[in-house]
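Below, each chain spelled out in residue letters.
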Amino acid sequence: MKDLFDRIIQDKGPLGKWAEQAEGYYVFPKLEGPISNRMIFNGKRVITWSINDYLGLANHPEVLKADGEAAMEHGMAYPMGARMMSGHTNFHEQLERECAAFVGKESAYLVNFGYQGMVSAIDALVSKNDVIVYDMDTHACIIDGVRLHAGKRFVYKHNDVESLEKNLQRAVKIAEHTNGGILVVSEGVFGMRGEQGRLREIVALKEKYNFRFLVDDAHGFGTLGEGGRGTGYEQGVQDGIDVYFATFAKSMAGIGAFFAADKEIIQFLKYNMRSQMFAKSLPMPMVKGALKRLDMLRTMPELKEKLWENVNALQQGLRSAGFDLGTTQTCITPVYLKGDIPEAMAMVQDLRENHGIFCSIVVYPVIPKGLIILRLIPTATHTLDDVNETIAAFSAIREKLEKGIYKRIASAAQKVVES
Ligand SMILES: Cc1ncc(COP(=O)(O)O)c(C=O)c1O
C-alpha cells in the first residue's frame, strides 16, 4: 500500500508536469490593471487578446456603478443559503424572467457557475435508461456531466452531422430497448476553433429521430443572433433547442449562468439540479450586476456592432496578410501556424516581450502535433490601432518562425538548461 500523496507528488498530471517551466508566464500569467484592450503583463503594457469580455462591459462605468451599489447595499453574502432553503429573492426571479424572455424561452433558472451547472443539469436530465449523444469537441463541463451518466453515451465526430446521425441510430436502438429517451448535446460556438455548432442541421434531425437538444451557448450569447440572443437566433432555430444554456462569464463579464427551457423542464431542474440544491445562492451583486448587463445588451446594440467591426477588421486583415484562420465563423480568431512546442514558446515570448501582444497559445495534445494556434479574442474595447499593430507583429513573427529563428532560440535555451 502507498501513501495517497506519494503518487500525487510523483505524477503531477498532464499539465502540472510543465508547471516549473511554464507557471507565471504561459500558465497562470498575471494580467494587471483595469480589464481593457491594453493591460500590464510582466511590467509591460500589452494588447490583450485573451479575455472574453466580448462587449467591453467588464469596466464599463455603468456596470461598475451597478456592481458597486449592489455590493454597498447587500454586501457579498446576501442571500445566505441555497435557493431552496433561504437563498431566494425577488431579484433572482426577476433575472430569471428577463433571461428567459431575452432568449425566447418560457422559463429560466440561475446557476452559480456555468461549469457546475452544466455538469449537474446533464446529471439531472438523464436517467440510466437514457442515452446521451454529444459532440467530440464539447467543453469539459459537458464531458464531466456525461461522466456522471450511468447509462449509454455516444460521441459523434466534431460538427459532423453524418456521424451524429449514425450515433443517433445506435442511440435509438438502445433507447427502444431500455424504454429511455435521447439527449443530444452541442455547443453553440466551439471555443477553440470558433466554429458554430451545426444547430440547424441538428434540429432538422428531429423530424427523423425523437431526441431532446441541449446547447451550451457560452460564446454565442451576446455575440451572435439578433440583439446578441445567441446562436439559436443566428441560425433561426432557437425553438428547436430544448434546453438553452449561457454563462455570464463571457459577454456579460460577470459570474453565474442560466438554463432556459419550457416551464416544466425548468421546474424539474430547480428541484433536481444538485449543484444548486446543495450550494449557496448567487450573491446579490452578481444578480443585480447581471440585470444591469442584460439591460445594456438589450438597449445598446452599438456594443455588439463595435465588437463585430473589430472582429471583421482583425479577421480580414489577418486573412489578407496570408494567415490561416481555419473554419471560424465567430469572434474567436484562431491563427494556425506550424511548429513544435519549444518554437511556439519562444514565439509567444517574442510576441509578448518585443511586440507587446498577449494572446493564448494552443499546442499538442489539444491540437495535433506540429500545429500551433495563437488564439485571439477581439472585443468591443479594441481599436483599429490594436488590430493593425497585431497584424504587423504577426507578420514579423511568422517570418522568424519560417526562417527557423525560434527553433534556434529554443535549442540554445535548452543547451543552457542542460549545461
Ligand atoms: C463552452 C463553455 N461552457 C461552459 C463554461 C463554464 O462557464 P463558467 O465560467 O460560468 O463556469 C465555459 C467557460 O467559461 C465555456 O467556455
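The model shown is predicted, which means the values in this text are computed figures rather than measured ones. (Residues numbered from 1 in each chain as written. Predicted model: local features only at pLDDT ≥ 70, side-chain atom pairs only at ≥ 80, totals over all residues.)

## Side note on the overall build of the protein
As a reminder of what qualifies: Secondary structure elements are defined from DSSP: runs of H or I of at least 4 residues count as helices, runs of E of at least 2 residues count as strands, and each element is numbered from the N terminus. C-alpha atoms define the radius of gyration, and 2.2 Å times the number of residues to the power 0.38 defines the globule rule. With C-beta atoms placed from the backbone, a residue counts as buried when 20 or more other C-beta atoms lie within 10 Å of its own, as exposed when 12 or fewer do, and as partly exposed for counts between those limits. For every residue pair, C-beta atoms are placed from the backbone, and the pair is scored as a contact if these atoms sit within 7 Å.
A count of helices and strands for the protein gives 16 helices and 14 strands. What you see for the protein is a C-alpha radius of gyration of 23 Å, in line with the 22 Å of a compact globule of 419 residues. Along the longest, intermediate and shortest principal axes, the C-alpha atoms of the protein span 60 × 55 × 50 Å. Within the protein, buried positions represent 45% of all 419 residues. Taking contacts inside the protein between residues at least 6 apart in sequence as the whole, the part at least 24 apart equals 71%.

## Notes on the packing of helix α14 (residues 341-354) against helix α15 (residues 384-402)
To be explicit about the condition: The axes are straight lines fitted to the C-alpha atoms, using for helices just the contacting stretch, and the angles between their N-to-C directions are given from 0 to 180°. The sense of a crossing depends on the near helix, which, turned anticlockwise from the far helix by less than a right angle, makes the crossing left-handed and, turned clockwise, makes it right-handed. Lys, Arg, Asp and Glu make up the charged group, whereas Ala, Val, Leu, Ile, Met, Phe, Trp, Tyr, Cys and Pro make up the nonpolar group; the residues left over, Gly among them, are polar.
Packing of α14 against α15 leaves a shortest axis separation of 11 Å and a crossing angle of 145°. In this structure, α14 crosses over α15, and the sense of that crossing is right-handed. Across the interface between the two elements, Glu343, Met347, Asp350 and Leu351 of α14 pack against Ala393, Ile397 and Leu401 of α15. In the contact of α14 with α15, the residues fall into five nonpolar, no polar and two charged.

## What about the sheet that holds strand β12 (residues 357-358)?
Heads up, the rule is: Note on pairing: DSSP must find at least two bridges between two strands before they are called paired.
The strand order across the open sheet built from four strands is β1-β2-β3-β12, with neighbouring strands paired in mixed fashion. On the outer flanks of this sheet lie β1 (31-32) and β12, each paired with one strand and no other.

## Some details on the nonpolar core
Here is the rule we go by: Under the definition applied here, buried Ala, Val, Leu, Ile, Met, Phe, Trp, Tyr and Cys residues are grouped into a nonpolar core through C-beta atoms within 7 Å. Bear in mind that the domain bounds are from an automatic or database domain assignment.
With 111 residues, the main nonpolar core has Cys99, Val133, Leu183, Tyr244, Phe258, Phe259 and Ala260 as its most contacted residues. Examining the composition of this core, we find that seven residues originate from one element, helix α5 (residues 114-125), more than from any other. Split by domain, this core shows at least three residues from each of two domains, domain 1 (4-54 + 301-418) and domain 2 (61-299). What Tyr244 contacts, discounting residues up to four positions off in sequence, is Val103, Lys105, Val215, Asp217, Gly232, Ala260 and Ala261.

## What about the sheet that holds strand β11 (residues 333-338)?
The strand order across the open sheet formed by three strands is β11-β14-β13, and the pairing between neighbours is antiparallel. Looking along the sheet, the strands with just one partner apiece sit at the ends: β11 and β13 (360-362). When strand polarity is set aside, the average angle formed by the axes of neighbouring strands in this sheet is 25°. Bridge count for β11 against strand β14 (residues 371-376) is six bridges, and the pairing is antiparallel.

## Considerations on the site of the ligand
How we decide: To decide nearness, the C-beta atom of each residue is placed from the backbone, and the residue is near a molecule or strand if that atom lies within 6 Å of it.
Lining the immediate surroundings of the ligand are 13 residues, of which Gly114, Tyr115, Ala218, Thr247 and Ala249 lie closest. With three residues, the single largest contributor to the shell around the ligand is α5.

## Regarding the domain arrangement of the protein
Under the domain assignment used here, the protein contains domain 1 (4-54 + 301-418) and domain 2 (61-299). Counting residues per element, the ones that place at least two in the side of domain 1 that touches domain 2 are α13 (301-320) and β11. Of the residues forming the side of domain 1 that touches domain 2, the biggest block, four residues, is contributed by α13. Within the side of domain 1 that touches domain 2, the residues separate by chemical class into eight nonpolar, seven polar and two charged.

## Section: the pairing of strand β9 (residues 243-247)
In terms of burial, β9 is largely enclosed, as five of its five residues are buried. Covered by surrounding structure in β9 are Val243, Phe245 and Thr247 together with Tyr244 and Ala246, the residues of both alternating faces. Where strand β8 (residues 212-216) lies against β9, three bridges are found, and the strand directions are parallel. What sits directly across from Leu214, in β9, is Val243. As paired elements, β9 and strand β10 (residues 257-261) share four bridges and run antiparallel to each other. Bridge pairing links Ala246 to Phe258 in β10.

## Let's talk about the environment of Gly81
In this structure, Gly81 sits in the loop between α3 (61-74) and α4 (90-102). For Gly81, the residues in contact, after removing those within four places along its chain, are Ser86, Gly87, Lys280 and Ser281.

## Considering the environment of Pro368
With respect to the helices and strands, Pro368 occurs in the loop between β13 and β14. In this structure the C-alpha to C-alpha distance between Pro368 and Ala82, which are 286 residues apart in sequence, comes to 43 Å.

## Regarding helix α12 (residues 284-299)
Selection rule: For a helix, the expected span equals 1.5 Å multiplied by the number of residues minus one.
Here α12 spans 22 Å end to end across 16 residues, near enough to the 22 Å set by a 1.5 Å rise per residue. Packed against the buried residues of α12 are α3 and α4.

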